[in-house]
Amino acid sequence: MQENEKDPEVQPVAEPVAAKAVAPVEENAGNGAETTLEIIANIVLVCGIIASIICLFNIVWVQNPEYQYIDDKIFSPRGFVTTVMVLASSLISWSFIPNRSLGFLCVVRQREIL
């Protein structure tokens, strides 16, 4: 055989493909679900604060039942407790909706141990 002739059984070697450039991933970059949960958590917090303010003016300071025709406002302890519970429930919901939950903290601790 001559050097110019090619052997039909020999397969041509493919040229190496250049590695694709991959952008570095930030550790704190959240996916869409985490971002959505954080947005929902912030909306819950803002709505809870607004609801607490509304409750403060409507059920904490109520009209005195002794006077029918005089606009005399008195403090209602039950209304105050209700207002505090509305605010506390929104704060608790805000803290548990996104990745601030106790389950997430347990996973982080397990990763640190391993």
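Before reading further, recall that the structure is shown in the block above.
Residues numbered from 1 in each chain as written. Predicted model: local features only at pLDDT ≥ 70, side-chain atom pairs only at ≥ 80, totals over all residues. Heavy atoms only, no water.

A. Up close: the environment of Leu 56. One can find Leu 56 in helix H1 (residues 32-60). Each C-alpha atom of the pair Leu 56 and Thr 82 lies 9.1 Å from the other, and the pair is 26 residues apart in sequence. Those residues in contact with Leu 56, other than ones at most four positions away along the chain, are Trp 61 and Thr 83. (Helix = DSSP H or I, 4+ residues; strand = E, 2+ residues; numbered from the N terminus. Contact = heavy atoms within 4.5 Å.)

B. Local environment of the packing of aromatic side chains. This model, assessed by the stated rule, comprises 2 aromatic pairs. Ring centres 5.5 Å apart and planes at 65° place the aromatic pair Trp 61 and Phe 75 in the edge-to-face group. Taken together, the residues span a long stretch of sequence, with Trp 61 in strand S1 (residues 61-63) and Phe 75 in strand S2 (residues 73-75) at a distance of 14 residues. Residue Phe 75 is classed as partly exposed on the basis of its relative accessible area of 41%. (Phe/Tyr/Trp six-rings, centres within 6.5 Å; stacked < 30°, edge-to-face > 60°. Buried < 20%, exposed > 50% of the residue type's maximum accessible area, 1.4 Å probe, protein only.)

C. Main features of the side chain of Ser 90. Along the polypeptide, Ser 90 turns up in helix H2 (residues 77-96). When residues no more than four places from it in sequence are discounted, the contact partners of Ser 90 are Val 44, Leu 45, Gly 48 and Ile 49.

D. Representation of the packing of H1 against H2 within the structure. Between H1 and H2, the least distance of the axes is 8 Å, while the angle of their chain directions is 175°. Between H1 and H2, the angle falls in the class roughly antiparallel. Side by side, H1 and H2 meet where Ala 41, Asn 42, Val 44, Leu 45, Gly 48, Ile 49, Ala 51, Ser 52, Cys 55, Leu 56, Ile 59 and Val 60 of the first sit next to Gly 79, Phe 80, Thr 82, Thr 83, Val 86, Leu 87, Ser 90, Leu 91, Ser 93 and Trp 94 of the second. The class makeup of the residues in the contact of H1 with H2 is 14 nonpolar, 8 polar and no charged. (Axes fitted to C-alpha atoms, helices over the stretch in contact; angles between N-to-C directions. Parallel < 35°, antiparallel > 145°, perpendicular 65-115°, else oblique. Nonpolar A, V, L, I, M, F, W, Y, C, P; charged D, E, K, R; others polar.)

E. The arrangement of a nonpolar patch on the surface in detail. Nonpolar side chains collect at one region of the surface, where Ile 49, Ile 53, Leu 56, Phe 57, Trp 61, Phe 75, Phe 80, Val 81, Val 84, Met 85, Leu 87 and Leu 91 lie side by side and expose about 1100 Å² of accessible area between them. If you list the elements that add at least two residues to the nonpolar patch, you get H1 and H2. Among the elements that line the nonpolar patch, the one with the most residues is H2, at 6 residues. (Patch = residues over 30% accessible without salt bridge, like charges linked within 9 Å, V, L, I, M, F, W, Y side chains within 5 Å. Areas by Shrake-Rupley, 256 points an atom, 1.4 Å probe, with all protein chains shown as cover. Salt bridge = Lys/Arg side-chain N within 4 Å of Asp/Glu carboxyl O.)

F. Spotlight on the environment of Asn 58. You can see Asn 58 is positioned in helix H1. Taking the C-alpha atoms as reference, Asn 58 lies 9.8 Å from Thr 83; in sequence the two are 25 residues apart.

G. Spatial organisation of H2. With 20 residues, H2 ought to run about 28 Å at 1.5 Å a step, and its terminal C-alpha atoms sit 28 Å apart, in line with that. Every buried residue belonging to H2 is among Gly 79, Thr 83 and Ser 90, and all of these are buried. For H2, the buried positions fall inside an angular range of 45° around the axis, keeping them on one side. Every exposed residue of H2 that faces more than 90 degrees away from the buried side is listed here: Pro 77, Arg 78 and Met 85. (Expected span 1.5 Å × (residues − 1). Arc of directions from axis to C-beta.)

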